[in-house]
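A structural walkthrough
So the chains spell out like this:
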There are 2 protein chains.
Amino acid sequence: MTMLALGIDLGGTDIKAALVDPAGRIERRLTQPTQAELGPDVVIDRMIELVDRLRGGQEHDDPIEVVGIGVGTPGPLSPTRGVVFQAANLPGWLNVELRERISDRTKLPVVVDNDANVAAYAEYRLSGDDTLQNLVLLTLGSGIGAGTILNGCILHGHFENASEWGHMIVEPDGRPCPCGQHGCLEQYASAAAIARTATERVEQGESSSLAQGAPPGKGTTPSRSRLGMRITSADVATAAQAGDSLAKEIWDRACRYLAIGCVNIQHALNPQRIVLGGGMSAAGEFLLDPVRKHARAIRWKLCDDAPTITPAQLGNNAGTIGAGLLAWDATQ
Amino acid sequence: MTMLALGIDLGGTDIKAALVDPAGRIERRLTQPTQAELGPDVVIDRMIELVDRLRGGQEHDDPIEVVGIGVGTPGPLSPTRGVVFQAANLPGWLNVELRERISDRTKLPVVVDNDANVAAYAEYRLSGDDTLQNLVLLTLGSGIGAGTILNGCILHGHFENASEWGHMIVEPDGRPCPCGQHGCLEQYASAAAIARTATERVEQGESSSLAQGAPPGKGTTPSRSRLGMRITSADVATAAQAGDSLAKEIWDRACRYLAIGCVNIQHALNPQRIVLGGGMSAAGEFLLDPVRKHARAIRWKLCDDAPTITPAQLGNNAGTIGAGLLAWDATQ
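One structure accompanies this document, and this report is about it. Per-chain numbering applies: the sequence of each chain, read as written, is numbered from 1 onward. Chains carry letters and ligands carry numbers; both start at the beginning, A for chains and 1 for ligands, and go up in the order they are written. In keeping with the predicted nature of the model, local features appear solely for residues at pLDDT of at least 70, side-chain atom pairs appear and are counted solely at 80 or more, and the whole-chain, interface and lining totals rest on all residues. Note: side-chain values were computed over all heavy atoms of the structure, leaving out hydrogens and water.

Quick word on the packing of helix α5 (residues 191-203) of chain B against helix α7 (residues 245-269) of chain B
Residue and element names in this part refer to chain B. Applicable threshold: For helices, the fitted line uses only the C-alpha atoms of the stretch in contact; every axis is such a line through C-alpha atoms, and the angle between N-to-C directions lies from 0 to 180 degrees. Numbering of helices and strands starts at the N terminus; helices are DSSP runs of H or I of at least 4 residues and strands are runs of E of at least 2. Take the far helix as the reference: if the near one is turned anticlockwise from it by less than a right angle, the crossing is left-handed, and if turned clockwise, right-handed. In what follows, residue pairs with any heavy atoms lying within 4.5 Å of each other are defined as contacts. Any residue that is not Ala, Val, Leu, Ile, Met, Phe, Trp, Tyr, Cys, Pro, Asp, Glu, Lys or Arg is counted as polar, Gly included; the first ten are nonpolar and the last four charged.
Orientation of α5 relative to α7, taken along the N-to-C sense of each, is 145 degrees, at an axis distance of 10 Å. For the element pair α5 and α7, the recorded crossing hand is right-handed. Mapping the contact onto sequence places I194, T197, A198, R201 and V202 in α5 and L246, E249, I250, W251 and A254 in α7. Residue composition of the contact of α5 with α7, grouped by class: seven nonpolar, one polar and two charged.

Describing the pairing of strand β4 (residues 64-73) of chain A
Residues and elements named next belong to chain A. What counts is decided by this rule: Remark: exposure states derive from per-residue accessible area (1.4 Å probe, protein chains only) relative to the maximum for the residue type, with buried under 20%, exposed over 50%, and partly exposed in between. Note on pairing: two strands pair once DSSP finds at least 2 bridges between them.
The buried count for β4 comes to nine of 10 residues, which makes it a mostly enclosed element. Bridging between strand β1 (residues 2-10) and β4 involves seven bridges; their strand directions are parallel. Within β4, the position partnered with L4 by the bridge is V66. Direction of pairing for β4 relative to strand β7 (residues 110-114): parallel, over a ladder of five bridges.

Some points on the sheet that holds strand β8 (residues 110-114) of chain B
All names here are of chain B. Here we have five strands laid out as an open sheet, ordered β3-β2-β1-β4-β8, and mixed in their pairing. The open sheet is flanked by β3 (26-33) and β8, the only strands paired with a single partner. Going across the sheet, the axis of each strand differs from the next one's by a mean of 20 degrees, ignoring polarity.

Focus: the interface of chain B and chain A
The accessible area lost on association of the parts is a frequent measure of interface size. Stated precisely, the cut-off is as follows: By convention, the term buried area covers the 1.4 Å-probe accessible surface removed from two parts as they join, with the contributions of both added. Basic side-chain nitrogens of Lys or Arg form a salt bridge, by our definition, when they fall within 4 Å of a carboxyl oxygen of Asp or Glu.
Of the residues lining the interface, 46 residues belong to chain B; the matching set on chain A comes to 46 residues. Carbon and sulfur atoms supply 58% of the area buried between chain B and chain A, which totals about 3,600 Å² over both sides. Linking chain B to chain A there are two salt bridges. Measuring nitrogen to oxygen at the nearest pair gives 2.9 Å for the salt bridge that ties R256 of chain A to D173 of chain B. Examining the composition of the side of chain B that touches chain A, we find that eight residues originate from one element, α7 of chain B, more than from any other. Per-class residue counts for the side of chain B that touches chain A are 23 nonpolar, 14 polar and nine charged.

Here it is as structure tokens:
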């Protein structure tokens, strides 16, 4: 009998689930489409289906016992109460008692947390650095998701909604954000912000190799313009690396805003490390180098308390691994 | 025999010291000038002098026993090592082993922490609200000092220099800050920033009752202009309350930046309460009202996780009380 935890990463497109050992190694994994448009009841059915298939474990000679389930989900939510208040990419999710509903049907202990928190926890636990106790993860995609580990624990805050670094205001009276604020970091430094800026400037007639457009569906986080043009942040990265000056300018400007975000996180929490993940981090050193360079130039000179800025290690598996590890923690 | 802790608040102008009971009540207090210009050896002598006088306690019928000493000091410093790396208002303080030096001479256990952290800890412990576990204190003076309480503990971070909310960048490419950055919050929302803006605009010939100048030495944090004019943030508050339009504009703008700072703290840590202290907070509701109003207008609408914004309760005693309470904690 092998004891394993079950980690679920609930996204707007896919539900990922995996059996995870106490060290965060994935033993087996399954994915299926979320079908979010069918509402929370169906989505929960589909989560339970994955749980049942993973618990069945017919393919294993060695029978398994699942010690508990961890779920990383979009929010805002209350990990304490196990309730998802709402979720931008999951229509109909309003005050869903996710922990209780999964626990009732599986008869297993369930923990629920914010998807970015869960990913940050995985990056922390599997960092391989025993001295690491304080870390911030920024996931750069359609927005900027964020999770924070303080002294080895996920930072939740009094209202359980801390660590929304993507919504720190870096430009008073700046671009409007769907959240209702103006000038949020994610309006300047997310993959979607880069795509949108590139599309707008090409539409305004600026000269760039980006004007030729990219094949529909290529890359991540396309920004559809009024003219039906699709430019992704990956297109911008590619064009910038090829020397296109508009693309270089847009990419560099986004990296500078990310650096401002990193400096503000430095002063707020003094973490040891800031980890950049999400689709945009596929650019690797082409992202990290300018962010580090700008951060060095921008940040204060009073003392040397700057975090290192590093790439995420776990990619798409961070969610299931982190959720599985949280389920393990809950058995302690 | 009464057991008491001894709290010391080391400032650039005065050293305050007090005997503090386990509930944070001051039993006896003494103050003397720091004479910072004479360097760390003399300043430490003067601290020891206060300790000896308070320990002597000849005025008491009941002899006292001091259980330990807590010191709140400017920084950056390492509370773990008890070393002050440097201190803006204390010339010659470079890597001063403050904890060891005081402990060696008093034969008492000593804890050292950042002055704003210590004040925040006092505001937290004496809040009278048992549900309060997460709080940020901003002290509005010549800069913006800040201390953060998370789950009842002072936030230090990996490099022990967290919670420098005054140096979050709110205007990329904004006003230069002595710290080496541009656009720090304290360049827009501290008492000194208000005084400076008012002085500059009056010098530029703008019409205002502030142009008559204020008596030298009145109010806090004067900004000396090239023309020798002195306008303080208290002058600006007074003129704004009397209806002066330039003063109203300057005051309101600073309050809006403070609100941006509060919204960014909300998203970072989700504290239950943000406390405004320091000289500028003497304006009371004339400060708090517009900060709250702007914060309500600026902050996101996704969920209701905003902290309350309240005035500091302990004034100039926060430092000695907090330091004394930390000394008590260290005896546990």
